[in-house]
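The primary structure of each chain is shown beneath.
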Amino acid sequence: MSSPVMLRTPLAAAAVRALRAGQEVLLTGTVFTARDRAHRYLAERPDEDGFPFDLSGGVIYHCGPIMRKSVAAWEAVSAGPTTSNRMEMYEARVITRYGVASILGKGGMGAETAKALSDTGAVYLAAAPGAGPLVAKRIVSVEDVWKLDEFGEPEAIWKLAVENFPAIVAMDSHGGNVYTAVETRSAKRLQELLARTRAHQ
Amino acid sequence: MDVLHAVVELLKRTATDLPADVEFALRESLHREREPLAVSTLKVTLENIRLARHEGRPICQDTGVPIFFVTAARGTSYEGMVSVLSEAVRIATRELPLRANAVDPVTGINTGDGVGDGIPVVYFTEWQQDYHIIDLLLKGGGSENIGASYKLPDAALAAERDLEGVRRVVLDAVNRAQGRGCPPYIVSVAIAGTKDDAAVLAKRQLLRKLSDHSPNDALAAFEADILDEINSLSIGPAGLSGRTTALAVKAAAHARHPATYFVDVAFGCWAHRRRRIRLRGGEAVYE
């Protein structure tokens, strides 16, 4: 397998367009966590509510981390990806409204997100599911947080600095999608299995 | 050691230290895989398990809903036990930390201490012995969301009221789940006469060792056969394709009403966090 593609935020449009499904990447720079509640907020919030982050060319990470506050700063204890498809009903709006360059999560997303990726030249990256401590090691600092009191720790929007965060390009901006082939083959196999019965006794 | 501190320790061990049989099964599955993404996903998984144990950090940031199955020493108060288990969750949420996972669905407010109405979940029975057995499952939201409930007969799947019908709905549930609940899975199947009984029975099967078999011969054969069929779907680790979609299948059945035939399919993710403690007097034995 070829060596991973190095990515640095803010992501350059040409570099993102060049990514292809199946490639491995190492991401360095800033990511913003946003899961269920944060997505609804990002899609629906008014323009002048003081939202402090510029997501243009940025990375949204589907993650509800475990954080610990020491005297000096917040630290990520365990911070792997959460299942992305719950965000499907908001993601296309979020990508378009903010000019997000990459979504980072697990399990893939649906047709509306795929279309938004193609339209805007963005990608969906898959991180290793459940790899909480391993990913937390790649978070070098917790830089800021928004809506912590209102949304709670797992659902707040955390601004994180990451170094060499490992992921796979799972959906690219040209319609490439590593999950589609898996789903098609699995559905076909299911029909084969259902076409025959099995005597259990 | 009192029950409170023993259960705090149980929560910490369960969140940070994957059971040996699950880790062993993941290591074995690595030998079967050929595709690069399946191999790299499993390697990252195993490295993450090692790191979590070594550093005492939760294996997955979703430390789940704590589900306790308590077999209490004779004369134990249910109310007292629930209060101790809840306090243990509060302490572990503060100290380990576990993630605060109890959200009021009406106000949208996270309670912040991991405890809410109905959380932790406690299934309580009392027996004649003078010691407690407490089984704990830390059940993450991803694997819970892909769980499925069926009523047989199911015309769309041509699933009738027999094990062949159960086979059909289980295969359907796994195909629908794809990689969204963090495979390789532990798939648990329960048949019962009411929706709630089927759901709890399926959850309870997730406590079983991966290598055991149902004591019912027909169900034991069902478990073995359908595991191969599930893996032939080739969904693979993380849903990125591969030979290992499930590590084990567990099946159980309760009596049903003539009019009903509920099948519940519950999923454990690869980070299958279950652990048992025996408590007698001041002595705690962790399994």
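Residues numbered from 1 in each chain as written. Chains lettered and ligands numbered in written order. Predicted model: local features only at pLDDT ≥ 70, side-chain atom pairs only at ≥ 80, totals over all residues. Heavy atoms only, no water.

**What about helix H3 (residues 88–98) of chain A?**
Residue and element names in this part refer to chain A. Of all the positions in H3, only Glu-88, Tyr-90, Glu-91, Ala-92, Val-94, Ile-95 and Tyr-98 are classed as buried. Of the surrounding elements, those touching the buried residues of H3 are helix H2 (36–44), strand E3 (59–61), strand E6 (102–105) and helix H4 (111–120). With its phi angle positive at about 70°, Gly-99 sits one or two positions after the end of H3. (Buried < 20%, exposed > 50% of the residue type's maximum accessible area, 1.4 Å probe, protein only. Helix = DSSP H or I, 4+ residues; strand = E, 2+ residues; numbered from the N terminus. Contact = heavy atoms within 4.5 Å.)

**A few points about the sheet that holds strand E4 (residues 148–151) of chain B**
Residue and element names in this part refer to chain B. As summarised here, the arrangement of the 4 strands in space is E4-E7-E5-E6, forming an open sheet in which the pairing is mixed. Two strands close off the open sheet at either side, each with one partner strand: E4 and strand E6 (246–253). For this sheet, the mean inter-axis angle between neighbouring strands, taken without regard to orientation, is 15°. With 7 bridges joining them, strand E5 (residues 185–192) and E6 adopt parallel strand pairing. In the strand pairing of E6, Ser-188 is matched with Lys-250. Lying over the sheet, helix H7 (residues 195–205) contacts E4, E5, E6 and strand E7 (262–268), oriented at roughly 145° with respect to E5. (Pairing = 2+ DSSP bridges. Axes fitted to C-alpha atoms, helices over the stretch in contact; angles between N-to-C directions.)

**Observations regarding the packing of helix H6 (residues 163–177) of chain B against helix H8 (residues 217–231) of chain B**
Residues and elements named next belong to chain B. At a minimum axis separation of 11 Å, H6 and H8 run at an interaxial angle of 35°. Here the hand of the crossing between H6 and H8 comes out right-handed. Contacts between H6 and H8 pair Leu-163, Val-166, Arg-167, Val-170, Leu-171 and Val-174 from the former with Ala-218, Leu-219, Phe-222, Ile-226, Glu-229 and Ile-230 from the latter. Of the residues that constitute the contact of H6 with H8, the class distribution is 10 nonpolar, no polar and 2 charged. (Left-handed = near helix turned anticlockwise from the far one by under 90°. Nonpolar A, V, L, I, M, F, W, Y, C, P; charged D, E, K, R; others polar.)

**Points about the sheet that holds strand E8 (residues 273–280) of chain B**
All names here are of chain B. Spatially, 5 strands are ordered E2-E1-E3-E8-E9 in an open sheet, and the strand pairing comes out mixed. Looking along the sheet, the strands with just one partner apiece sit at the ends: strand E2 (121–126) and strand E9 (283–286). Geometrically, the sheet is characterised by an average inter-axis angle of 15° between neighbouring strands, direction not taken into account. Sheet strands in contact with helix H1 (residues 3–16) are strand E1 (65–72), strand E3 (132–139), E8 and E9, and its direction is about 160° off that of E8. Lying over the sheet, H7 contacts E1, E2 and E3, oriented at roughly 90° with respect to E1.

**Notes on the domain arrangement of chain B**
Residues and elements named next belong to chain B. In terms of domain boundaries, chain B breaks down into domain 1 (3–14 + 59–140 + 273–286) and domain 2 (142–268). Spacing between the C-alpha centres of domain 1 and domain 2 amounts to 26 Å. Every contact between the two is made by 10 residues of domain 1 and, on the other side, 12 residues of domain 2. When the buried area of domain 1 at its contact with domain 2 is split by residue, Phe-69, Lys-139 and Arg-274 rank highest and sum to 58% of it. Inspection of the region where domain 1 meets domain 2 yields 1 salt bridge. (Domains from an automatic or database assignment. Buried area = accessible area lost by both parts, 1.4 Å probe. Salt bridge = Lys/Arg side-chain N within 4 Å of Asp/Glu carboxyl O.)

**Description of the nonpolar core**
Membership of the largest hydrophobic core comes to 36 residues, with the highest contact counts inside it found for Val-166 and Val-187 of chain B. Of all the elements in the fold, those that place two or more residues in this core are helix H7 (178–195) of chain A together with E4, H6, E5, H8, E6 and E7 of chain B. Per-element tally for this core: the top contributor is H6 of chain B, with 8 residues. Within the second largest apolar cluster, 34 residues are counted, among which are Val-100, Ala-126 and Ile-157 of chain A together with Leu-240 of chain B. (Core = buried A, V, L, I, M, F, W, Y, C linked by side-chain atoms within 4.5 Å.)

**Re the environment of His-254 of chain B**
Residue and element names in this part refer to chain B. Along the chain, His-254 turns up in the loop between E6 and E7. Residue class for His-254 comes out partly exposed when judged on its relative accessible area of 38%. A sequence separation of 188 residues divides His-254 from Pro-66, and the C-alpha atoms of the two residues are 25 Å apart. Not counting residues within four places of it along the chain, the set of residues in contact with His-254 comprises Ile-191, Ala-192, Asp-197 and Leu-201.

**A look at the pattern of salt bridges**
Residue and element names in this part refer to chain A. This structure, assessed with the given rule, holds 36 salt bridges over all chains. Its salt-bridge partner being Arg-40, residue Glu-44 comes within 3.3 Å of it at the nearest N-O pair. With Glu-44 and Arg-40 both in helix H2 and 4 residues apart, this pair spans about one turn of that helix. According to the relative accessible area criterion, Glu-44 is partly exposed, its value standing at 47%. With a relative accessible area of 48%, Arg-40 lands in the partly exposed category. For Asp-47, the salt bridge is made with Arg-97, and the minimal N-O distance between the two is 3.0 Å.

**Re the interface of chain A and chain B**
Taken residue by residue, the interface counts 49 residues in chain A and 51 residues in chain B. For the pairing of chain A and chain B, the buried interface totals around 4300 Å² over both sides, and the portion due to carbon and sulfur atoms is 59%. Where chain A packs against chain B, one counts 2 salt bridges. In this structure, Arg-57 of chain B engages Glu-75 of chain A in a salt bridge whose closest nitrogen and oxygen atoms are separated by 3.8 Å.

**Digging into the environment of Val-25 of chain A**
All names here are of chain A. Inspection of the secondary structure puts Val-25 in strand E2 (residues 24–33). Between the C-alpha atom of Val-25 and that of Ser-56, which follows or precedes it by 31 residues, the distance is 20 Å. Those residues in contact with Val-25, other than ones at most four positions away along the chain, are Pro-4, Val-5, Leu-7, Leu-19, Leu-125, Phe-165, Pro-166, Ala-167 and Val-169.

**Quick word on the pairing of E5 of chain B**
Residues and elements named next belong to chain B. In terms of residue burial, E5 counts as a mostly covered element, since 8 of its 8 residues are buried. Neither face of E5 is open: one carries Tyr-185, Val-187, Val-189 and Ile-191, the other Ile-186, Ser-188, Ala-190 and Ala-192, and all of them are buried. Across 7 bridges, E5 lies against E7 in antiparallel orientation. Its bridge partner lying in E7, Ala-192 is registered against Phe-262.

**Some details on helix H2 (residues 20–32) of chain B**
Residues and elements named next belong to chain B. Over its 13 residues, H2 extends 19 Å from the first C-alpha to the last, a length consistent with the 18 Å expected when each residue adds 1.5 Å. Restricting attention to buried positions, one finds in H2 the residues Val-22, Glu-23, Ala-25, Leu-26, Ser-29 and Leu-30. Angular distribution of buried residues about the axis of H2 spans 160°; they occupy a single face of the element. With respect to the buried face of H2, the exposed residues turned more than 90 degrees away are Ala-20, Phe-24 and His-31. (Expected span 1.5 Å × (residues − 1). Arc of directions from axis to C-beta.)

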